[in-house]
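Here are the chains, one letter per residue:
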Amino acid sequence: MRWFAALLAWPLGAALQLQQRALGGTALYAALAALGVLLALAGWRWRRLGLLAVLGLALAGFGSTGWRAAQRLAEHLPAELEGRDLQLTGIVASLPQAGPNGLRFRFEVERATLDGAEVTLPRLISLGWYVNAHEDAALSQPQRELRAGQRWAFDVRLRRPHGSLNPHGFDYELMLFEQGVRATGYVRAAPSQPIEEGAGYPVERLRQRVRDAIFARVADARAAGVLAALAVGDQGAIEREDWELFRTTGLSHLMAISGMHITMLAWLAAAAIAALWRRSPRAMLFVPAPQAARWGGLLVAAAYALFAGWAVPAQRTVWMLATVVLLRSAGLRWPWPLVLALAALVVTLADPWALLQAGFWLSFAAVALLMASEPGEAAYAGTLRERFIATLRGGLRTQLIATLGLAPLTLLFFQQVSLVGFFANLVAIPLITLLVTPLALLGGFVPPLWSLAAWLLQPLTLWLQWLAGFPAALWFVPAAPAWASAAALLGGALAVLPLPWRVRALAVPLALPLLLTPPGRPPPGHYELLAADVGQGTAVLVRTRAHLLVYDAGPQYSRDSDAGARVLLPLLRARGEREVHRLVLSHRDTDHVGGARALLAALPVRATSSSLPPDHPLLALAPQHEPCAAGQTWVWDGVRFEFLHPREGEADPAARPNTVSCVLRVAAMDAPAALLAGDIEREQELRLAGRHGEALHADVLLVPHHGSRTSSTPLFLDAVKPRIAVVQAGYRNRFGHPAAEVVERYRALGGTLVASPACGAWTWRSDEGGAGRCQRDSARRYWHLSLVQAASGE
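Residues numbered from 1 in each chain as written. Predicted model: local features only at pLDDT ≥ 70, side-chain atom pairs only at ≥ 80, totals over all residues. Heavy atoms only, no water.

> Looking at this structure, how should I read the overall build of the protein chain?
Looking only at helices and strands, the protein chain has 28 helices and 26 strands in total. Rg of the C-alpha trace for the protein chain: 29 Å, near the compact-globule value of 28 Å for 794 residues, within the 12% margin. With respect to the principal axes defined by its C-alpha atoms, the protein chain has extents near 95 × 70 × 60 Å. Counting only residues that meet the buried cut, the protein chain has 52% of its 794 residues in that class. Look at the contacts in the protein chain between residues 6 or more apart in sequence, and 69% of them connect residues 24 or more apart. If you sum the accessible surface of the protein chain, you get close to 35800 Å²; carbon and sulfur atoms cover 62% of it. Measuring between centres, the 72 positive side-chain charges of the protein chain sit 11 Å from its 59 negative side-chain charges. (Helix = DSSP H or I, 4+ residues; strand = E, 2+ residues; numbered from the N terminus. Rg over C-alpha atoms; globule rule 2.2 N^0.38 Å. Buried < 20%, exposed > 50% of the residue type's maximum accessible area, 1.4 Å probe, protein only. Contact = heavy atoms within 4.5 Å. Areas by Shrake-Rupley, 256 points an atom, 1.4 Å probe, with all protein chains shown as cover. Lys, Arg positive; Asp, Glu negative; His and termini not counted. Charge placed at Lys NZ, Arg CZ, Asp CG, Glu CD.)

Below is the structure:
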């Protein structure tokens, strides 16, 4: 037990440091790490002070992680260089990822200048090189020739890492921080050809040659994308529809370079090396065959992980395998809990931020469950037929254990689980790991094997499409409180461990709180507003006791990415929303309706209101559509909704979209009111103020047109008198929203101005009052960019 506690002490200390909202000084963390090491050595020297050693290791883990984080944060882009035209020379450090809008790639900066003077930049940055909108969205010749390892000179504009931050959403800034990327930006100008070919990154150059060869050889682009993902780790090559299919059927883990692929390849390599080694008596005298097989398998696994891009999950698997190989090579037969604890220590030493990744916990939980429930070698003894039947049963049992045991953890991290995943994985795991992945790798030497691998994917795709067609293929639950999640995790473990059935039966009541805990809702007569962080666009959730209204659906980021799929659907599902009772699309601009298609396709929408023209394609998907018009009212759970604009006959399809924005007022008796103003401009504001006067007052105002100079006129603000003004805009957006003079107008009112770049998602309840809650405040960690509520722009 003492060894187990000592091995887990360092990861525990690192985990505590990852909860810090802000960092201390580098010297402080170095001193804490040194003190922790001294305490650990003292506890090791005097065995009676074993607890001191555990505390020392935890302190060392805390200090070491903090010191590394401080070193990484010190390498940053100075704020005064954001949005400036910089001249960079450096090397393309990754596979260029082709998208509908151009290319994205990592760039290692060698030299940077501003107006001829050298400046210091982070070593590794992420760049986009976008297509010219006037060239039919086709890549230019230099873009088509971009290769990993080339040295280029670019004119760029950069900004500090910043991403949308929503409840239960993806943390983009954490991902960049963990990968060491300390600035992002885009190419403004480039020469027609690189300065030098093959200036560095030989592995990345080889990966790109193999990827390009796969796409040239395999006619089916979707199959080629899957093979490229399995062979070289290019997950961006997989089509969006295929990712949706894999997610629905519980196969997302198989289509990335996961621990399963690397471990299986290591096992196959070890078996082959052992068989060959035993053919040479001299080789066995030099190194025993089991030893050679272990180290050979580890080397093959490391080579595959490196060739696949050395992503964080791949690194984690290699460190785990190395830990097991070292223990076996040293002749140590540790119990499986100690082996896992040591592996967790090694992984945390290499990458402490792995503790924040779902893959870390899913990997260790899967291995722990399988080890704890392993029946032993005797179960596989007997005749060849008996061993075959035992192996088949073992495979079914393993999949059942993984499915049941990991279900609570999957629901905890993703609020969803595939109910057809067991059947999908039964076919896909052996097919992908034993056939398709080896063929995808061997195709680099024998290219016709890629065609065979693509052919094997066809029946698998048909099988998955059939499974995904079931109405309840994917099951969602709302995010549960911590106590319910802990109880469900315990229940999942009890269900699969080799325990008496009366103990296993406890899994059912332990899991019920996770599955049945109702999400929090406002009381009757009150409502909740959530302004989602969608970048440069608008999306607001209005929740009453039993109804949900969605006001706008956010922007379309590219031809295959939008706020509906990336932000709103995960947010709604985590909140336990099963349907949308009314979807309001204020006007037809894509920063307001870009995510509507994904929303309409994924969730039942009972009614739609909009100012869209009659021929707009979204109306074909919208049920019970009604043009919004001033005077329309309805009441949900004691909360009154009223459209104030446009008036009947004003919604002319030929009018500019902003001028016909649906303006919605939400109010309840004895409760503060909210005004959602879309993108109305000066003229519409003056009309509203003239018609309604003081009746326009609202405690919360969704700032018109994202804080543009064309809106937020003094007369309108005098009528509304908002206590809280909310601006939904993108960080350093190209429009300069919110404009500095508009910000000053709101500040002059004496209220609170909330801007999504500095706040993230903003949540407010009419029964609680106050200024609401910013996601960047409640979930702040030291890697998040800290901003003040101020005007932004280039």
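> When you look at the state of the cysteines in this model, what are you seeing that I'm missing?
Between two cysteines, a covalent bond joining their sulfur atoms is known as a disulfide. For the structure shown, the criterion picks out two disulfides. Disulfide pairing places C628 opposite C662 at an S-S distance of 1.8 Å. Residues C628 and C662 share a disulfide whose torsion about the S-S bond is about -60 degrees; that sign makes it left-handed. Taken together, the residues C628 in the loop between β17 (625-627) and β18 (633-636) and C662 in the loop between β19 (639-645) and β20 (663-668) connect sequence positions 34 residues apart. Residue class for C628 comes out buried when judged on its relative accessible area of 4%. Accessibility expressed as a relative area gives 0% for C662, which makes it buried. Disulfide partner of C759: C774, at an S-S distance of 2.1 Å. On the S-S bond that ties C759 to C774, the torsion sits near -105 degrees, and the link is left-handed. Of this pair, C759 sits in helix α27 (residues 756-759) while C774 sits in strand β26 (residues 773-774); the two residues are 15 residues apart in sequence, bridging distant segments of the chain. The class for C759 is buried, based on a relative accessible area of 0%. (Disulfide = S-S within 2.5 Å.)

> Explanation requested: the pattern of salt bridges in the structure shown.
Pairing between side chains becomes possible if they bear opposite charge and their charged atoms approach one another. Counting across every chain of the model gives 29 salt bridges. One salt bridge connects R723 with D699, and the closest N-O pair in it is separated by 3.7 Å. Taken together, the positions of R723 in the loop between α25 (714-720) and β23 (724-727) and D699 in the loop between α24 (682-692) and β22 (700-702) put the pair 24 residues apart, joining distant regions of the chain. A relative accessible area of 34% places R723 in the partly exposed class. Between D767 and R765 there is a salt bridge, with the nearest N and O atoms lying 3.1 Å from each other. On the basis of relative accessibility, which here comes to 31%, the residue D767 falls in the partly exposed class. Residues joined in a network through salt bridges with shared partners are R147, R211, D212 and D234. (Salt bridge = Lys/Arg side-chain N within 4 Å of Asp/Glu carboxyl O.)

> I tried to follow α24 on my own but got confused; where do I start?
Along an α-helix, a turn takes 3.6 residues, which lines up residues three or four apart on a common side. Looking only at α24, the buried set comprises Q684, E685, L688 and A689. Buried residues in α24, looked at end-on, bunch into an arc of 135 degrees, giving them a common side. If you follow the buried residues of α24, they end up packed against β19, β20 and α25. Just beyond α24, the residue with positive phi is G693, at close to 55 degrees. (Arc of directions from axis to C-beta.)

> How should I be thinking about the environment of L32 in this particular structure?
Along the chain, L32 falls in helix α2 (residues 26-45). Along the primary structure L32 and A607 are separated by 575 residues, whereas in three dimensions their C-alpha atoms are 59 Å apart. Dropping the residues within four chain positions of it, L32 is found in contact with L59, A60, F62 and G63.

Function cannot be read off these values alone, since they describe shape.
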